[in-house]
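Fold and contact review
Given next are the chains, with one letter for each unit.
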Amino acid sequence: KFSGLAGGQGIRSPLAIVTLIRLCGKLLREELAINGHGNSGEVREVSSLAELCFDFLESSLSHPDGILPYEAARTICALPNLGLNNLSRSMACLRGMLTSDKPAERFAAVRTLSKVTNPRAVALCNAGLESCIDDENKQVATFAVTTLLDTGSEATIDRILGNISNLLAVMQDEYKITMLESLQQLCLKYPSKHRAIVTFLANILREEGAFEFKRSIVNSIISLMKQVPESTEGSLLHLCEFIDDCEYTMLSTHTIHTIAGLAPMTSAPSQYIRFIYNRVILENSTIRAAAIAALSKMAASCPSLRTSIMTLLKRSLNDEDDETRDRATVAVSVLKDAIAFNPYVAPVVEEYDDVVPDVPSEGDLAALIYIQPLPMSFKNLERSITAYVSGPGAMDSAEELTFSSLPIMEDTYEDGVLTNGHHLAAGLDPTPTNGEIRNPAADIYAIPELADLGRVFRSSTPISLTEEETEYVVKCIKHILDEHVVLQFIIQNTVEDLRMENVVLDIESDSDMYTIIGDVPAEMVEYGKTVSAFTVIQRQTVESIQPVCFSCQLNFNVVQVDSDSGEPLGDVYTEEYPLENLLITPSDYMA
């Protein structure tokens, strides 16, 4: 039947033939998925069915009804991993449609070409695509531009950039952003053309545009600087010119910080200072504060510029804005101390073959404050200090407060929700009330016998020792101290007519590394309540810590109670409830 149809006999309805074309495409995809493309990459050699289907599709490319050639070409182009020999006739069909006087045909052709993954095949239609750049239908023009940028060669980049300049004035911002992504990929493909592409981006950055569009341009330039290092200096100068006329405060501050971060890595960082300092003179308070921070960072990165930058910063000590004035005051104070402790000594150029890098010395105060990141986020720092203050005798201790002396507060995930500082520590609601930061070791410090053991420097996340659906739900938190480990067992009673009393955890291990020295039982656990019991183990002083497994068992007295009044109804009996094993590993001692 396929042979007859290919010869022009049989079905005559165009819609029926369209259905048959789509069926052939489906059969071909299945054949290619099963058998691959063969050794030569020729579709016809895959199977006899594939040969019949592909011959039928190619015969439809010459059908007099306009919709059938397009449908056949679209179906062939949608087949995966086709070579140029299999796509050439489809490309010829689409190339002819690009010059059609019907806008629908031009749009269909350019849209199909934009989805073809073989750039060599699309290159056969580049002449027609370039003619579509000036198409009155802006969607046709946009598809043509993005396709040319994806498939264009190094020799055609300048011509393509020149052709699309006029199109940008009438193109919508969402299409412009799509075009920017294609430009960025083109620059990565041909790094030697970075100058032309960055210049083009800088030119459209100076024109009128919405915030999202201009932010996309700035981000594209920044991304290119990171991926194509040779474009850094030229791109930074373009960004410096942009902040002179930028009407968006957020975008200006972002660009200023980017310049300050990348300028010290260029051959002449000093040339960027005046562009940033101009923002201190001419802009609003937000941008002035950002410019002060940027100059401070540059001074920390380049010791040779500190004296000059500090002179500029002193002019802002009386700024009318509090934030700007405070930043300038801190920066001047830090730079004075940095210059006093590590004065800059200009190198004798004749003694070196290469340029001496202008970098801060080890232990430099300004670099420590403005360049080196904190060992933890500000949020975790706040939680750590709060936990430290809540410890026994913390405020009376003469010990110097350092990062190493702070308890470790980690971000963990419970059921896909981020919990800060382990608010589940005592089996409570993980969401702190009134924004209060809770120390996971607070329950230990509240018990005098445990508080005397010392300060907890790390607490693990709650580890389930039972299933969530069981009658007694038990979790364990491992609190690590200098010489001890306190195991906090969080016990929840889910049996409505029972009450647990004198709850003690019995743990055993075959290892001699840990010795059980005491426990704090939970006196009573009523229905729906959560109470903690504690077991204290002492760690032997050894050179290396080995993983140790503990068998755990819950021992308690069971009291039958009235579910309404809670009054005891029967005798008390003892119950033993086995739990999952608990493992203490070296990772428990590390953040």
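In this text the structure is predicted, and so the values were computed from the model without any measurement.

Quick look at the overall build of the chain now. Looking only at helices and strands, the chain has 23 helices and 13 strands in total. In the chain, which comprises 591 residues, the share counted as buried stands at 45%. Taking as baseline every contact in the chain between residues at least 6 positions apart, the subset at least 24 positions apart corresponds to 61%. Summing over all exposed atoms, the chain offers an accessible surface of approximately 30,000 Å²; the carbon and sulfur share of this is 51%.

Pairing between side chains of opposite charge can happen when the charged atoms of each approach one another. Under the criterion given, the structure shown has 15 salt bridges. Taking the shortest distance from any N to any O, the salt bridge between Arg306 and Asp364 comes out at 2.7 Å. A residue pair is termed long-range when its members are at least 10 positions apart, and Arg306 in helix H18 (residues 306-314) and Asp364 in the loop between helix H19 (322-341) and helix H20 (365-370) qualify at 58 residues. Of the residues examined, Asp364 reaches a relative accessible area of 2% and is grouped as buried. Residue Lys478 pairs with Asp588 through a salt bridge whose shortest N-O separation is 3.0 Å.

Let's shift gears to unusual backbone geometry. Positive phi values are uncommon outside glycine, yet Asn81 reaches one of about 60°. By secondary structure assignment, the location of Asn81 is in the loop between helix H4 (67-77) and helix H5 (84-98). What makes Asn81 exposed here is its relative accessible area of 62%. In the Ramachandran plot, Asn502 falls in the positive-phi region, its phi being about 50° despite a non-glycine side chain. Looking at the secondary structure, you find Asn502 in strand S7 (residues 498-508). Residue Asn502 is classed as partly exposed on the basis of its relative accessible area of 43%.

Our next topic: the nonpolar core. Ranked by size, the top nonpolar core spans 112 residues in total, and within it Met91, Leu94, Met179, Leu183, Leu201 and Ile276 carry the most contacts. Ranked by residues supplied to this core, first place goes to helix H17 (residues 285-301) with eight residues. Once residues lying within four places of it in the same chain are set aside, the contact partners of Leu183 are Leu149, Leu161, Ile197, Phe200 and Leu201. Of all hydrophobic cores here, the second largest spans 32 residues; its members include Val495, Ile537, Tyr577 and Leu579.

Spanning 17 residues, helix H13 (residues 211-227) covers 24 Å between terminal C-alpha atoms, matching the ideal 24 Å at 1.5 Å per step. Taken as a whole, H13 has its buried residues at Phe213, Lys214, Ser216, Ile217, Val218, Ser220, Ile221, Ile222, Ser223, Leu224 and Met225. Looking at the buried residues of H13, the elements they touch are helix H11 (173-189), helix H12 (194-206), helix H14 (232-245) and helix H15 (249-262).

Okay, the packing of aromatic side chains next. The relation between two aromatic rings is expressed through the spacing of the ring centres and the mutual angle of the planes. Using the criterion set out here, one finds five aromatic pairs in the structure. Consider the rings of Tyr472 and Tyr577, whose centres lie 5.2 Å apart with planes at 90°: the pair is edge-to-face. Note that Tyr472 is positioned in strand S5 (residues 472-480) and Tyr577 in strand S12 (residues 568-578), a separation of 105 residues in sequence. Taking relative accessible area as the criterion, Tyr577 reaches 13% and is therefore assigned buried. Connected via pairs of aromatic rings, a cluster forms that spans Tyr472, Phe556 and Tyr577. Arg274 extends its terminal NZ or CZ atom over the ring of Phe275, reaching a point 4.1 Å from the ring centre.

Tracing the backbone through its elements, the reader meets Arg458 in strand S3 (residues 458-459). In terms of polar contacts, Arg458 uses its side chain to reach the backbone carbonyl oxygen of Asp588, at 3.2 Å.

Between its terminal C-alpha atoms helix H21 (residues 378-389) stretches 16 Å, which fits the 16 Å expected from twelve residues at 1.5 Å a residue. Here H21 has its buried residues at Asn380, Leu381, Arg383, Ser384, Ala387 and Tyr388. Seen from one end, H21 has its buried residues packed into an arc of 165°, which puts them on one side. The exposed set on the far side of H21, more than 90 degrees from its buried face, consists of Phe378 and Lys379.

Another point: a nonpolar patch on the surface. Residues Leu374, Phe378 and Phe403 make up a contiguous nonpolar surface patch of roughly 320 Å² in combined accessible area. Relative to the helices and strands, Phe378 is located in helix H21. The exposure class of Phe378 is exposed, given its relative accessible area of 65%.

Our focus in this paragraph is the side chain of Arg288. By the element assignment, Arg288 lies in helix H17. Using a relative accessible area of 9% as the deciding quantity, one classes Arg288 as buried.

With that settled, the discussion passes to the pairing of strand S10 (residues 530-539). The two faces of the sheet receive side chains in turn, since in a regular strand these alternate between them. By the criterion of burial, S10 is predominantly enclosed, with seven of the ten residues buried. Note that strand S6 (residues 484-493) and S10 share nine bridges and pair antiparallel. The partner of Val485 across the bridge, within S10, is Ile537. The sheet contact formed by strand S8 (residues 514-520) and S10 spans six bridges and is antiparallel. Bridge pairing links Tyr514 to Arg539 in S10.

Before going further, it helps to spend a moment on the packing of H12 against H13. Packed helices, taken two at a time, are described by the angle their axes make and the gap between the axes. Where H12 meets H13, the closest approach of the two axes is 10 Å, and the angle between their N-to-C directions is 155°. Between H12 and H13, the angle is such that the two are roughly antiparallel. The interaxial crossing formed by H12 with H13 has left-handed handedness. Facing Val198, Leu201, Ile204, Leu205 and Arg206 of H12, the residues of H13 in contact are Phe213, Lys214, Ile217, Val218, Ser220, Ile221 and Leu224. Class assignment of the residues belonging to the contact of H12 with H13 gives a composition of nine nonpolar, one polar and two charged.

Let us now look at a negative patch on the surface. A cluster of like negative charges, contributed by Asp506, Glu508, Asp510 and Glu576, occupies part of the molecular surface. Within the fold, Glu576 resides in strand S12.

Another point: the confidence of the model for the chain. Taken over all residues, the pLDDT of the chain has a mean of 81, while the share at 70 or more is 88%. Long-range and interchain partners of residues 412-435, a stretch whose pLDDT sits below 50, account for 52 contacts in this model, where long-range means more than four residues apart.

Here Leu487 lies in strand S6. Along the sequence, Leu487 and Ile444 sit 43 residues apart, while their C-alpha atoms lie 9.9 Å from each other. What Leu487 contacts, discounting residues up to four positions off in sequence, is Cys476, Ile477, Lys478, Ile507, Ala533, Phe534, Thr535, Ile537, Leu582 and Ile584.

The buried fraction of S6 is high, at nine of ten residues. By the bridge criterion, nine bridges tie S5 to S6 in an arrangement that is antiparallel. In the sheet register, Lys475 faces S6, and the bridge partner there is Ile490. Adjacent in sequence and paired antiparallel, S5 and S6 are bridged by three residues.

Quick notes on the rules
Along every chain, residues carry numbers that run from 1 in the direction the sequence is written. Totals for whole chains, interfaces and linings use every residue, but because this is a predicted model, local features are given only for residues with pLDDT of at least 70 and side-chain atom pairs only at 80 or more, for both listing and counting. With hydrogens and water set aside, each side-chain value is computed from the structure's full complement of heavy atoms. Secondary structure elements follow DSSP: runs of H or I of four or more residues count as helices, runs of E of two or more count as strands, with numbering from the N terminus. A simple rule labels every residue: compare its accessible area, found with a 1.4 Å probe on the protein chains alone, to the largest value its type can have, and call it buried under 20%, exposed over 50%, or partly exposed in between. Residue contacts are counted whenever heavy atoms from the two residues lie within 4.5 Å of one another. For the accessible areas, the method is Shrake-Rupley and the probe is 1.4 Å, while residue cover comes only from the protein chains on display. Each salt bridge in this description consists of a side-chain nitrogen of Lys or Arg and a carboxyl oxygen of Asp or Glu lying within 4 Å of one another. Throughout this description, the term nonpolar core refers to a set of buried Ala, Val, Leu, Ile, Met, Phe, Trp, Tyr and Cys residues connected via side-chain atoms within 4.5 Å. What a helix should span is 1.5 Å times the count of its residues minus one. Two rings from Phe, Tyr or Trp (for Trp, the six-membered ring) form a pair when their centres are within 6.5 Å of each other. A pair whose planes differ by under 30 degrees is stacked, one over 60 is edge-to-face, and the rest are tilted. Placement of a charge over a ring requires the Lys NZ or Arg CZ to be within 6 Å of the ring centre, with the centre-to-atom vector within 35 degrees of the ring normal. Polar contact is the term for a pair of N or O atoms within 3.5 Å; when the atoms are in protein, one must be able to donate a hydrogen and the other to accept it, and sequence-neighboring residues count only if both atoms are side-chain atoms. Arc definition: directions from the helix axis to the C-beta atoms. Residues enter patches when they are more than 30% accessible in relative terms and free of salt bridges; like-charged ones are connected within 9 Å and nonpolar ones (Val, Leu, Ile, Met, Phe, Trp, Tyr) within 5 Å. The pairing criterion for strands is at least two bridges between them, as found by DSSP. Between the N-to-C directions of two axes lies an angle of 0 to 180 degrees, each axis being a line fitted to C-alpha atoms and, for a helix, fitted only over the stretch in contact. Working definition: roughly parallel below 35 degrees, roughly antiparallel above 145 degrees, roughly perpendicular at 65 to 115 degrees, and oblique for all remaining angles. Two helices cross in a left-handed way if the nearer one is turned anticlockwise from the farther one by less than a right angle. They cross in a right-handed way if the turn is clockwise. Nonpolar residues are Ala, Val, Leu, Ile, Met, Phe, Trp, Tyr, Cys and Pro. Charged residues are Asp, Glu, Lys and Arg, and all others, Gly as well, are polar. Charged residues are defined here as Lys and Arg on the positive side and Asp and Glu on the negative side; His and the ends of the chain fall outside this count. Charge positions are represented by NZ for Lys, CZ for Arg, CG for Asp and CD for Glu. Confidence of the predictor in every single residue is expressed as pLDDT, which spans 0 to 100.

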